[in-house]
Amino acid sequence: MRIDHDKLIVKPGSKVRLKNFDPKYTGGYRSRAEAEVDLTKDIARLAKYQDILYAQNDYAMLVIFQAMDAAGKDGCIKHVMSGVNPQGCQVYSFKAPSSKELDHDYLWRNMCALPERGNIGIFNRSYYEETLVVRVHPGILEGQQLPAATRKGNLWERRFEQIRNFEKYLVDNGIVVVKFFLNVSKEEQKARFLERIRNPEKNWKFSANDVKERQHWAEYMSAYEEMLSATSTKDSKWYVLPADEKWFARAAAADVIAHELKKLGLRYPKLRKDQQGALAEAERTLLAEK
Ligand code: ATP
Ligand code: MG
């Protein structure tokens, strides 16, 4: 195995220091080409498992992607999900909340976007922003209409607890939660921004605001560290995916998702005796057609 999941998982209860997670790590791969061979195999495995997930219609899977800008979330989602049937897959990108969304509690819009049974749902950003961008920019919290009594004490610890409870609720109801933090380095982010500025085909991806956000890098990293430490649980672990080499992050994400689907022991539904009888009857009717 060229991807050792233990190197990526945030152990429940551990205190994360991101300096101990190397964004340039590429597992046992010596080249991009090697990783792409495995990615192709994993995409095929994923398609097979998704077919059974859809047929069985019991479990759902929620895959969360969190990262700093330009870490490669979009490309990762595009590549990893390239083989799956669009009918059984839904992607939702969370932006700054609208005024209607702000009239609700912060989990509301996430609840509405959860995958149906049988589906894989991707959250491109998620309720975790409520402990990241909202923490780094206290002004956003001011706009959340929270009653004073709910803001006393350590609001972030309470949000972590609410999120742990929410994810426990999801898992207890058959919605598997897989969480990825794409760990890009500050210098690689700079190189990608420069590429977006200099390459006309990438200009559309550039946002001046992303460069402003970068000035809060250290605050974001400490918010991520606390969030990862507090919300990696036995049932819903965080995977920190080294993201300086996009090909490694993609291969690792596909490998983890395929592994998590495999663990479910999915099976095509077996027909009951009476349903088998109906099938045989239908076959006879078809064969008897003139
Ligand atoms: P891209 O790679 O295309 O830039 P993106 O996910 O960064 O994708 P944007 O439209 O650039 O998409 O940014 C979405 C913005 O919305 C981010 O800055 C994010 O922090 C912000 N956002 C997401 N959820 C929340 C939230 N709950 N509260 C406040 N801001 C949020
Ligand atoms: Mg952006």
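Computed from a predicted structure; not experimentally measured.

K.L.:
I'm lost on the side chain of Lys179 in this one. Help?
P.N.:
Tracing the backbone through its elements, the reader meets Lys179 in strand E4 (residues 175-183). Lys179 sits in the buried class, given a relative accessible area of 0%. One polar contact links Lys179 to Glu167, side chain to side chain, over a distance of 2.7 Å. Side-chain polar atoms of Lys179 contact the backbone oxygen of Thr231, separated by 2.6 Å. Other than its neighbours up to four places away in sequence, Lys179 contacts Ile64, Tyr128, Glu167, Thr231, Ser236, Lys237, Trp238 and Tyr239.

K.L.:
How do you make sense of the site of ligand 1 when you look at a structure like this?
P.N.:
Within the structure, ligand 1 sits among 13 residues, and Asp69, Lys73, Ala96, Arg125 and Glu130 are positioned closest to it. Glu130 is positioned with one of its side-chain polar atoms (N or O) 2.8 Å from a nitrogen atom of ligand 1. For ligand 1, whose accessible area on its own is 630 Å², the fraction buried by protein is 77%. Counting atoms within 2 Å of the grid points, the majority share of ligand 1 lands in the largest pocket.

K.L.:
How do you make sense of the layout of surface pockets when you look at a structure like this?
P.N.:
Rolled over the atoms, a probe sized like a water molecule indicates the empty space that remains. Approximately 1200 Å³ is the volume found for the largest pocket. Forming the boundary of the largest pocket are 44 residues, of which Asp69, Ala70, Lys73, Arg125 and Asp210 lie nearest the centre. Contributions of two or more residues to the lining of the largest pocket are made by strand E1 (60-67), helix H2 (73-80), helix H5 (133-136), helix H8 (186-198), helix H9 (208-214), helix H10 (217-231) and helix H11 (246-263). A class-by-class count of the residues in the lining of the largest pocket yields 15 nonpolar, 10 polar and 19 charged. In this structure, the second largest pocket spans a volume of roughly 360 Å³. Together, 18 residues line the second largest pocket, and Asp105, Tyr106, Gln144, Leu146 and Arg159 are the ones closest to its centre. Going through the elements one at a time, helix H3 (99-102) and helix H7 (155-172) are the ones with two or more residues in the lining of the second largest pocket. Looking at which element gives the most residues to the lining of the second largest pocket, the answer is H7, with four residues. A breakdown of the residues in the lining of the second largest pocket according to their chemical character gives six nonpolar, five polar and seven charged.

K.L.:
Looking at this structure, I do not really get the sheet that holds E1. What am I missing?
P.N.:
Whenever strands of a sheet pair, they do so through backbone hydrogen bonds, lying parallel or antiparallel. Read across the sheet, five strands follow the order E2-E3-E1-E4-E5 without closing on themselves; strand pairing throughout is parallel. Looking at strand neighbours, the two that pair on one side only are strand E2 (89-93) and strand E5 (238-242), the edges of this open sheet. Neighbour-to-neighbour, the strand axes of this sheet turn through a mean angle of 20°, independent of strand direction. Here E1 pairs with E4 via eight bridges, running parallel. Bridging across to E4, Phe65 finds its partner in Phe180. H10 contacts E1, E4 and E5 of the sheet and is inclined by roughly 140° relative to E5. Lying on the sheet, H11 is in contact with E1, strand E3 (120-124), E4 and E5; it crosses E5 at an angle near 155°.

The rules behind the values
- Residues numbered from 1 in each chain as written.
- Chains lettered and ligands numbered in written order.
- Predicted model: local features only at pLDDT ≥ 70, side-chain atom pairs only at ≥ 80, totals over all residues.
- Heavy atoms only, no water.
- Helix = DSSP H or I, 4+ residues; strand = E, 2+ residues; numbered from the N terminus.
- Buried < 20%, exposed > 50% of the residue type's maximum accessible area, 1.4 Å probe, protein only.
- Polar contact = N/O pair within 3.5 Å; in protein donor to acceptor, adjacent residues only side chain to side chain.
- Contact = heavy atoms within 4.5 Å.
- Near = heavy atom within 4 Å.
- Areas by Shrake-Rupley, 256 points an atom, 1.4 Å probe, with all protein chains shown as cover.
- 1 Å grid on protein atoms, 1.4 Å probe; cavity = no way out; pocket = protein on both sides within 12 Å on 5 of 7 lines; lining within 4 Å.
- Sits in = over half its atoms within 2 Å of the grid points.
- Points joined across faces, edges and corners; volume = space filled by probe spheres on them.
- Nonpolar A, V, L, I, M, F, W, Y, C, P; charged D, E, K, R; others polar.
- Pairing = 2+ DSSP bridges.
- Axes fitted to C-alpha atoms, helices over the stretch in contact; angles between N-to-C directions.

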